[in-house]
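The lines below spell out each chain.
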Amino acid sequence: MRFSAIFLLLMFCGLDALADGPRVLKLKKTPERVTIDGVIDPAWSTADSADGFTMHQPYHNVPSTRRTVAKILTTDQALFCMMVCYDQRDSIQVITGKLDNTDGDYASIMIDTFLDKRTAYKFGVTASGARSDCRLLDDARDRDYSWDGVWFSAAKVYDWGYVIEWEIPYRSIQYDQNLSEWGLDFDRWMPTRKEDTYWCTYEEVEGQRISKFGKLRFEDFRPTVKGNNLEFYPVGITRATYLRDGAYKGEPDVGLDVFYNPSQKLTFQLTANPDFAQIEADPFQFNITRYETYFSERRPFFTEGNEIFMPSGRDRSSGFYKPLELFYSRRIGKRLPDGSDVPLQLGAKAFGRLADWEYGGFLAMTGEKDYAVDGTKATEPKAYFGSVRLKRQILDNSSIGLLFVGKHTPNNDDGVLDIDGAFRGSDWQLSYQLARSFNNQQGGLAASTGLLMFKDDLILGIRSKYIEEDFDADQVGYVPWKGTGGFTVFGGPRWYFKDGYIKQILIYSGFSLNHKKIESYVDHMGVLGYNMQFRDNWGFEVTFVAGRSKDRGVKYDSYEFDFSNWYNVSPKWYGNWGGSLLKTYNFSRDYLAYYYSTWSEIGWHATRVLDVGTMLNVFVEGNPDNKIEDITYNARPFVSVTPLNDLNIRIYLDNVYVRSTKQVQQMIFGFLFSYSFLPKSWIYLAVNEVRDRSDQFDQTGRLLPNTLHARDRVSVLKVKYLYYF
């Protein structure tokens with residue numbers, strides 16, 4: 001017989017908050033059944049409780065305005081968690097979502113299952129029941145949102161708040177069986193108040209850190225579940241590709257994904273004949289630099305677990321230091337000049353850890369592909385890609401690693417070997433990287449370093465890079481800046497206000513040097529910037545850069561003015577916008593002139609199930625006479641409907657309009673239906689169409705008038721089903 005929810009809530013109210021001392025929660029085993037439904041079962045009365053949550057924002061280290069109680073229990077098979085979140089019903093934002101969508105009121109549990117103080121799992125659920133999971137990396141300086149585990153949850157809203165329950169099977173996560181405790185923390189986000197609260201307390205300048213988690217202490221139990229830990233995903237694919245004149249080509253196919261944990265310290269993944277139908281087309285990129293355009297990886301097989309192959313030291317929260325990207329997975333199955341893709345036939349990777357070591361291996365095979373460039377036939381040869389990674393934890397929370405990435409074709413061997421790592425303190429990080437490329441018998445060196453320090457009243461950043469002219473990682477990585485070296489220093493005072501409307505003011509200045517061997521010159525710049533943030537979740541930043549540069553043999557006074565603004569002052573809508581005005585060399589037109597760009601993004605939660613929004617970019621190219629040469633407009637409006645948490649319909653339209661032609665030059669239409677009918681089991685229906693004004697010929701080979709026509713049109717139905725052993 002169940003106790004009433006009111007009785008249990010009254011019992012919770014009698015609990016004392018853990019105001020002082022180390023945060024410790026005792027894990028107890030329950031003989032009773034815990035039903036995951038958002039209703040408080042009698043079994044929870046025996047569990048230890050976490051209380052006394054404190055704010056991290058908008059005010060730091062003060063008690064939360066709304067009480068939160070977390071409890072944890074275990075069985076032999078799974079870890080169970082419940083969070084009771086008190087609030088008035090009309091203050092709770094209940095927005096229907098989908099996997100990896102964390103809109104609305106939200107709560108999460110985070111566990112460091114190796115107690116290494118560097119990595120942790122995060123399992124979050126919204127008040128509507130939408131789920132989101134990820135892995136916290138590098139002491140929570142980075143996130144891997146591509147990780148997707150098998151776990152269960154439920155949420156239920158009441159007049160006095162809401163309840164979330166989790167069931168996390170031990171066989172779905174990796175852990176050290178010899179430990180008697182794990183790292184632990186809880187988080188709750190209240191969008192109406194812009195309030196982010198944690199069970200543990202963190203420094204305001206550094207944010208959340210795994211190394212400062214509390215403890216989940218095992219009383220009379222340690223998890224030992226192993227199982228087969230084997231996941232099979234048979235994939236059925238039906239593709240209809242547009243040829244021309246209303247003709248289509250049908251292509252039924254099959255694929256297979258395998259996910260295997262032979263031990264709690266090793267993960268193996270394999271994909272055969274994958275199809276990435278659920279991926280939107282890459283957004284339009286405008287590029288006037290001398291370097292190739294960079295595209296983010298969006299294909300699930302490459303994003304899942306890919307952090308092990310990335311050099312240490314990346315800090316997404318600031319973006320100041322970015323190590324050289326030596327493993328750029330977009331090189332695998334790359335897009336050819338005629339718009340076709342090199343087929344990915346097979347991919348496999350394994351990664352895990354042993355004591356203080358992390359390790360990983362990657363292998364992929366791409367097929368031969370014929371294509372044409374300006375009427376000339378060419379062939380992309382069959383290729384093998386491989387990578388090996390070793391990383392060791394040193395000095396408590398620092399690391400050193402070794403990375404190899406290579407590509408083999410019948411006529412060539414390319415690759416790079418790298419040593420990298422990071423030394424870390426509570427409020428600073430020093431990252432380093434040294435790499436050597438090889439192309440058969442040729443090769444060169446590259447290096448990068450970065451120091452970032454946040455103090456209560458000061459910020460300091462130093463970074464440098466050096467890339468020899470012979471360093472060539474183009475076949476496996478993204479390092480296009482050959483024959484360059486750079487050094488940047490910036491810093492300044494920081495004011496944090498414990499109360500009031502203004503949260504932070506930051507003023508910074510510095511200088512930057514950039515040597516380009518091709519120009520036999522060192523560009524030198526001065527930097528001055530101002531950053532201001534407010535407690536209702538908006539802010540702005542302005543930066544001015546000025547100095548001397550040289551491009552294509554021309555020396556000139558260069559300048560750049562950047563402005564950005566972000567605002568999320570309402571739970572119903574969000575947005576950001578900014579722009580840049582600079583005098584620079586336009587390599588696409590081969591002259592020196594001014595250049596202006598502005599960007600904006602806005603989204604609106606119109607209803608519980610409907611989101612609408614758009615992105616808009618404007619690129620203004622000047623000419624040497626200080627007149628406008630051309631203007632390019634790019635918009636990407638979208639509509640997203642989510643009637644159920646795991647069912648989403650998304651429609652978007654990416655279009656490019658050029659003022660000089662007074663025409664839309666390119667249009668991409670996308671439709672995606674996705675439904676997760678079981679954990680990690682999906683149905684996708686995708687329709688993508690690309691229209692542009694490329695040359696079009698009739699059956700006799702005669703060039704047709706310039707019109708916006710379908711260059712590519714494809715429809716894909718994909719079913720992916722999890723067999724879980």
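Residues numbered from 1 in each chain as written. Predicted model: local features only at pLDDT ≥ 70, side-chain atom pairs only at ≥ 80, totals over all residues. Heavy atoms only, no water.

Asks: Can you help me understand the overall build of the protein in this one?
Replies: When helices and strands are counted, the protein shows two helices and 42 strands. Since a compact globule built from 725 residues should have a radius of gyration of about 27 Å, the 27 Å found for the protein is in line with a globular shape. Across its three principal axes, the protein shows a C-alpha extent of roughly 80 × 60 × 50 Å. Across the 725 residues of the protein, 51% fall into the buried class. Seen as two clouds, the 85 positive and the 93 negative side-chain charges of the protein have centres 0 Å apart. (Helix = DSSP H or I, 4+ residues; strand = E, 2+ residues; numbered from the N terminus. Rg over C-alpha atoms; globule rule 2.2 N^0.38 Å. Buried < 20%, exposed > 50% of the residue type's maximum accessible area, 1.4 Å probe, protein only. Lys, Arg positive; Asp, Glu negative; His and termini not counted. Charge placed at Lys NZ, Arg CZ, Asp CG, Glu CD.)

Asks: In this structure, what is going on with the side chain of Q174? I would like to understand it.
Replies: Mapped onto the fold, Q174 is located in the loop between β11 (161–169) and β12 (181–190). For Q174, the side chain forms a polar contact with the main-chain oxygen of L266, separated by 3.4 Å. (Polar contact = N/O pair within 3.5 Å; in protein donor to acceptor, adjacent residues only side chain to side chain.)

Asks: Please explain the pattern of salt bridges as it appears in this structure.
Replies: Considering all chains together, one arrives at 43 salt bridges under this definition. Here R299 makes a salt bridge to E297, at a shortest N to O gap of 2.9 Å. Across the pair, E297 and R299 agree in class, each one buried. Between D590 and R552 there is a salt bridge, and its shortest N-O distance comes to 2.5 Å. Taken as a pair, D590 in the loop between β33 (573–586) and β34 (591–605) and R552 in the loop between β31 (538–551) and β32 (554–570) lie far apart in primary sequence, 38 residues in all. Connected through shared salt-bridge partners, E280, D282, R298, R330, R636, R650 and D654 make up one network. (Salt bridge = Lys/Arg side-chain N within 4 Å of Asp/Glu carboxyl O.)

Asks: Which parts of the structure should I look at to understand the packing of aromatic side chains?
Replies: To describe a pair of aromatic rings, one takes the distance between the centres and the angle between the planes. Evaluation of the coordinates by the stated rule reveals 48 aromatic pairs. Centroid distance Y291 to W481: 6.4 Å. Interplanar angle 70°. Geometry classified as edge-to-face. Of this pair, Y291 sits in the loop between β17 (266–272) and α2 (300–303) while W481 sits in the loop between β27 (458–467) and β28 (484–496), and the two are 190 residues apart along the sequence. Connected via pairs of aromatic rings, a cluster forms that spans F276, F301, F302, F309, F327 and F362. Between R131 and the ring centre of W151, over which it is positioned, the NZ or CZ distance is 4.3 Å. A cation over a ring is seen here: K465 above W481, with NZ or CZ 4.3 Å from the ring centre. (Phe/Tyr/Trp six-rings, centres within 6.5 Å; stacked < 30°, edge-to-face > 60°. Lys NZ or Arg CZ within 6 Å of the ring centre and 35° of its normal.)

Asks: Explanation requested: the pairing of strand β10 (residues 152–158) in the structure shown.
Replies: Put simply, side chains in a regular strand alternate between the two faces of the sheet. Across seven bridges, the pairing between β10 and β11 is antiparallel. Within the sheet, the bridge partner assigned to K156 lies in β11 and is V163. Between β10 and β11, which pair antiparallel and follow one another directly, the connecting turn spans two residues. (Pairing = 2+ DSSP bridges.)

Asks: How do you make sense of unusual backbone geometry when you look at a structure like this?
Replies: With glycine set apart, most residues show a phi of negative sign, and most peptide bonds adopt trans. Each neighbour pair has its own omega, and for Q57 with P58 the value is 5°, a cis peptide bond. Among the structural elements, P58 can be located in the loop between β3 (54–57) and β4 (68–74). With phi around 45°, D138 is a residue other than glycine that occupies positive phi space. Relative to the assigned elements, D138 resides in the loop between β8 (131–137) and β9 (142–144). Even without a glycine there, the phi angle at N626 is positive, about 60°. Mapped onto the fold, N626 is located in the loop between β35 (610–622) and β36 (628–635).

Asks: Would you explain the environment of D176 in this entry?
Replies: In this fold, D176 is placed in the loop between β11 and β12. Considering only alpha carbons, one finds D176 and T224, 48 residues apart in sequence, at a separation of 9.3 Å. Apart from residues no more than four positions distant in its own chain, D176 is found in contact with T113, F114, W182 and K265. (Contact = heavy atoms within 4.5 Å.)

Asks: Explain the state of the cysteines to me, please; I cannot follow it from the model alone.
Replies: Two cysteines whose sulfur atoms are joined by a covalent bond form what is called a disulfide. Counting across every chain of the model gives zero disulfides. Unpaired in terms of disulfides, C81 finds its nearest cysteine sulfur in C85, a separation of 9.7 Å. The class for C81 is buried, based on a relative accessible area of 1%. (Disulfide = S-S within 2.5 Å.)

Asks: Help me understand the environment of V258, please; the structure alone is not making it clear to me.
Replies: Along the chain, the position of V258 falls in strand β16 (residues 248–263). With relative accessibility at 12%, the residue V258 sits in the buried group. With eleven residues separating them in the primary sequence, V258 and Q269 have C-alpha atoms 5.5 Å apart. If we ignore the near neighbours within four places in the chain, the residues touching V258 are L230, E231, F232, F268, Q269 and L270.

Asks: Can you help me understand the side chain of T197 in this one?
Replies: Positionally, T197 belongs in strand β13 (residues 195–198). Residue contacts for T197: discarding those within four places in its chain leaves F53, T54, M55, H56, S64, F186, D187, R188 and M190.

Asks: Teacher, can you tell me more about the environment of R67 here?
Replies: Within the secondary structure, R67 is located in the loop between β3 and β4. A relative accessible area of 24% places R67 in the partly exposed class. Taking the C-alpha atoms as reference points, R67 and D51, 16 residues apart in sequence, are found 7.8 Å from one another. A distance of 2.4 Å separates a polar atom in the side chain of R67 from a polar atom in the side chain of D51.

Asks: I keep staring at a nonpolar patch on the surface and nothing clicks. Help me out?
Replies: A contiguous nonpolar surface patch, about 860 Å² in accessible area, is contributed by L354, W357, V388, L390, I400, L402, F404, L417, I419 and L434. Counting only elements with at least two residues in the nonpolar patch, the list comes to β22 (383–394), β23 (398–409) and β24 (412–424). Broken down by element, the nonpolar patch gets its largest block of residues, three residues, from β23. (Patch = residues over 30% accessible without salt bridge, like charges linked within 9 Å, V, L, I, M, F, W, Y side chains within 5 Å. Areas by Shrake-Rupley, 256 points an atom, 1.4 Å probe, with all protein chains shown as cover.)

Asks: In this structure, what is going on with the confidence of the model for the protein? I would like to understand it.
Replies: Caution applies to low-pLDDT parts of the model: their predicted coordinates are not meant to be read in detail. Summing up the model confidence of the protein, the mean pLDDT is 88 and the portion of residues at 70 or higher is 94%. The element-level mean pLDDT for the protein is lowest in helix α1 (residues 5–13), coming to 35, with β36 highest at 97. (pLDDT = per-residue confidence, 0-100.)

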